[in-house]
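Residue-level listing of the chains:
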Amino acid sequence: MEVEARRIRRFVPQRPSRPTLLPLHASSSSYSVSNTISCWYCDYKISSFNKPLFHFGRRYSRFLKAWFAIGVGFALSALLGVTLILLWELARTLHLCGGSNKIGNFARALLFGFPPSPGLRLSLADAGYVCVSTIISVFVHELGHAVAATSEGIQIEYIAIFIVILFPGALVAFNYELLQTLPHLTALRIYSAGIWHNAVCCAACGLALFLLPMILFPFYSSGHSPMVLNVPPTSPLSGYLAPGDVILSVDNVPIRNAQEWLKLNTLTYNVKLNNVNVSELSGDLGVANKMKGYCVPSFMMEESKITKLLENQHACPSELTAFVKSLCSANVTMDDGQSETDLLNRGWSTYCLNAKDVVKRNRCGDDWGPATKGGGCTCSQDEFCLAPVQEPGLVWVEIAYSSPRECLLHVSGVKETNCGGAFIFVGDVFSMAHSIQLTSYQPRWGPQIVAYFPNLLERILIWTFHVSLALALLNGLPVYFLDGESILDATLSHFTSLSPRKRNKVLRLCLLGGSVISIIVCFRELL
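These notes cover the structure that comes with them. Just so it is clear, the model here is predicted, and its values are computed rather than measured.

Examining the overall build of the chain
Moving on, step 1. Looking only at helices and strands, the chain has 14 helices and 19 strands in total.
Moving on, step 2. Out of the 527 residues in the chain, the part that is buried amounts to 45%.
Moving on, step 3. Residue pairs in contact within the chain that sit at least 24 positions apart in sequence constitute 76% of those at least 6 positions apart.

Considering unusual backbone geometry
Excluding glycine, most residues fall at negative phi; most peptide bonds, likewise, are trans.
Moving on, step 1. At D251, a position not held by glycine, the phi torsion is positive, near 55 degrees.
Moving on, step 2. A positive phi angle, close to 70 degrees, is found at N252, a residue other than glycine.
Moving on, step 3. Within the secondary structure layout, N252 lies in the loop between β6 (246-250) and β7 (253-254).

Let's talk about the packing of helix α1 (residues 50-59) against helix α4 (residues 124-151)
Moving on, step 1. Two elements in contact, α1 and α4, have axes separated by 7 Å at closest approach and are oriented at 60 degrees. Judged by the inter-axis angle, α1 sits oblique to α4. Along this stretch, α1 crosses α4, giving a crossing that reads as right-handed. Packed against α1, whose contacting residues are L53, F54, F56, G57 and R58, the element α4 presents L143, A146, V147, T150 and S151 at the interface.
Moving on, step 2. The residue makeup of the contact of α1 with α4, split by class, is six nonpolar, three polar and one charged.

Considerations on the pattern of salt bridges
Moving on, step 1. All told, the structure shown has seven salt bridges when counted by the stated rule.
Moving on, step 2. Two residues, D126 and R459, come together in a salt bridge whose shortest N-O distance is 3.4 Å. Pair noted here: D126 is in helix α4 and R459 is in helix α12 (residues 452-475), with a separation of 333 residues, a long-range link.
Moving on, step 3. Measuring nitrogen to oxygen at the nearest pair gives 2.5 Å for the salt bridge that ties E260 to R256.
Moving on, step 4. Salt bridges linked by common partners bring K65, E152 and R189 together as one network.

Observations concerning helix α2 (residues 61-93)
Residues that lie three or four places apart on an α-helix share one face, since the helix turns once every 3.6 residues.
Moving on, step 1. In this model α2 runs 47 Å from its N-terminal to its C-terminal C-alpha over 33 residues, within 8% of the 48 Å that 1.5 Å per residue would give.
Moving on, step 2. Just past α2, the residue H95 takes up positive phi, approximately 60 degrees.

Let's talk about a nonpolar patch on the surface
Moving on, step 1. On the surface, W40, I165, L166 and F167 cluster together into a nonpolar patch covering about 500 Å² of accessible area.
Moving on, step 2. Looking at the element boundaries, L166 is found in the loop between β3 (156-164) and β4 (167-174).
Moving on, step 3. By relative accessible area, which is 73% here, L166 ends up exposed.

Quick word on the state of the cysteines
Moving on, step 1. For the structure shown, the criterion picks out two disulfides.
Moving on, step 2. One disulfide in the model links C295 with C379; its S-S distance is 2.0 Å. On the sign convention where negative is left-handed, the bridge of C295 and C379, at about -75 degrees about the S-S bond, is left-handed. Of this pair, C295 sits in strand β9 (residues 293-297) while C379 sits in the loop between β13 (363-364) and β14 (383-390), and the two are 84 residues apart along the sequence.
Moving on, step 3. Taking the relative accessible area as the measure of exposure, C295 reaches 4% and is therefore buried.
Moving on, step 4. With its sulfur 2.0 Å from that of its partner, C364 forms a disulfide with C385. Given an S-S torsion of about 95 degrees, the disulfide between C364 and C385 has right-handed geometry. Here C364 is found in strand β13, whereas its partner C385 is found in strand β14, with 21 residues between them in sequence.

Some thoughts on the packing of aromatic side chains
Moving on, step 1. Taken as a whole and judged by the stated rule, the model has nine aromatic pairs.
Moving on, step 2. Every member of this aromatic cluster is reached through a ring pair, and the members are W40, Y41 and F162.
Moving on, step 3. Seen from the ring of Y158, K45 lies directly overhead, with NZ or CZ sitting 5.3 Å from the centre.
Moving on, step 4. Lying over the aromatic face of F217, R444 brings its terminal NZ or CZ to 4.6 Å of the ring centre.

A word on the nonpolar core
Moving on, step 1. In terms of nonpolar packing, the biggest core is built from 31 residues, with F68, F174, I190 and I487 touching the most fellow members.
Moving on, step 2. Looking at this core, the elements with two or more residues in it are α2, α4, β3, β4, α6 (184-215), α13 (483-492) and α14 (500-526).
Moving on, step 3. A per-element tally of this core places α6 first, with eight residues.
Moving on, step 4. Beyond its immediate stretch of four places on either side in the chain, I487 contacts A75, L76, L79, L188, Y191, S192 and I195.
Moving on, step 5. If you look at the next biggest cluster of nonpolar residues, it comprises 21 residues, including V228, W261, I399 and F425.

A closer look at the environment of I399
Moving on, step 1. With respect to the helices, strands and loops of the structure, I399 is situated in strand β15 (residues 395-402).
Moving on, step 2. Among the residues examined, I399 registers a relative accessible area of 0% and is labelled buried.
Moving on, step 3. Between the alpha carbons of I399 and D251 there is a distance of 6.4 Å; along the sequence they are 148 residues apart.
Moving on, step 4. Every residue in contact with I399, bar those within four places of it in the chain, is listed here: L237, I247, S249, W261, G421, A422, F423, F425 and M432.

Some points on the environment of S192
Moving on, step 1. Tracing the sequence through the fold places S192 in helix α6.
Moving on, step 2. Along the backbone, S192 and A148 are 44 residues apart, and their C-alpha atoms lie at a distance of 9.0 Å.
Moving on, step 3. Other than its neighbours up to four places away in sequence, S192 contacts G71, V72, A75 and I487.

Criteria and cut-off values
- Residues numbered from 1 in each chain as written.
- Predicted model: local features only at pLDDT ≥ 70, side-chain atom pairs only at ≥ 80, totals over all residues.
- Heavy atoms only, no water.
- Helix = DSSP H or I, 4+ residues; strand = E, 2+ residues; numbered from the N terminus.
- Buried < 20%, exposed > 50% of the residue type's maximum accessible area, 1.4 Å probe, protein only.
- Contact = heavy atoms within 4.5 Å.
- Axes fitted to C-alpha atoms, helices over the stretch in contact; angles between N-to-C directions.
- Parallel < 35°, antiparallel > 145°, perpendicular 65-115°, else oblique.
- Left-handed = near helix turned anticlockwise from the far one by under 90°.
- Nonpolar A, V, L, I, M, F, W, Y, C, P; charged D, E, K, R; others polar.
- Salt bridge = Lys/Arg side-chain N within 4 Å of Asp/Glu carboxyl O.
- Expected span 1.5 Å × (residues − 1).
- Patch = residues over 30% accessible without salt bridge, like charges linked within 9 Å, V, L, I, M, F, W, Y side chains within 5 Å.
- Areas by Shrake-Rupley, 256 points an atom, 1.4 Å probe, with all protein chains shown as cover.
- Disulfide = S-S within 2.5 Å.
- Phe/Tyr/Trp six-rings, centres within 6.5 Å; stacked < 30°, edge-to-face > 60°.
- Lys NZ or Arg CZ within 6 Å of the ring centre and 35° of its normal.
- Core = buried A, V, L, I, M, F, W, Y, C linked by side-chain atoms within 4.5 Å.

Have a look at this one:
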């Protein structure tokens, strides 16, 4: 995350300004702009935009002042909000209060787009999106400061892009002496402009995401089923799905877009492992899914029956999958003489079947979607409801898909559209869901490469929303070298009952406390 730096120093305005950690402003007598290079700091200063920005700010001065006055209210609310969150997190760190970490999880999901999940790493493509969205967010932030300053008649000294050690950032340097002569509310409008513009950028990205299906409607269809864009060789779905395939359902639940694909598999990951019949058939042998099965004819079962005892395990061949009779409410007593008590005391019959043949049968059990044919454990005569044996820590899901490119087969001039298929995945469905790239938009025409454009645009908008929001809240922190310092300083100046010396002490105390608490909370999250 890029670092937003202070623009001027305001601790003791009556005295000559002391040197800052960064060369953030030029004196009023200096008209030359030179770049700075050192072993720990380097920057590139730009002054070519000074005049255009100044003319724009002065031309629409009245409107811009009203616009940035709204930003003052938002910035003060953000300063108060992040301060309360810091105090709450400090109390949790010191174990002064208990309770769940719902606030922290919500903040991570809001700022970074996902809740904390084990094994989830940022991909190389996501890193590229983060870089692009960070550049956009920082540009919007600095543009806010620059336009707010010019609307108040303050000339910009320069715009700088810098790197401190390994942390990049950007800043806008103002005329320091002229800024000190302005009213405190005017300075507050300038300091709050960056946070306000980041908030507006978040709202614009959210609106664009909401309207994206309408914007792309002439060229792309959406709201049906997600299409596969890429299946890496390392993905567990490699060899089952290919670019251009459309995912229809997971466990008979229709999937309409890429977000539903991730949400449903995440829900399966969190819930299904707790909803299997662990209490009866626990241990190292695995567990049988209690609520999801298939109606299998008795002749198929007899050919593949293996008696599996608790003391002596027998595994199926690698090309076959183990099934047992489902222990759902309508089938507690087995027709082959095995009762539930027998299963617990002596073992149960295992059937090694080809999963590709089983998934073509009618479904049974109550854990399928509402479109399931039949219901309960009801199967036709000479059929039994079999459920897959599920190893501890693994989840069984059925994924249905279609291949549109192979859908239309011309046979004697008749088009045949029987191109659907289904396969079984057994494993970590959370990692599986994130291992492929999907898009909710299918191109109406054009080459396959145009299918990537909506996903590219959508990812940039999503990451820009999160990064811009993170930058706004980060700069709202009451810590050194961020906009929160300047906003707090200008806000305290309105308390005329405090002497300048007391205001200075209060400011230093708030900044020191905010910086220390932020470091403590940051280290706690990293450890």
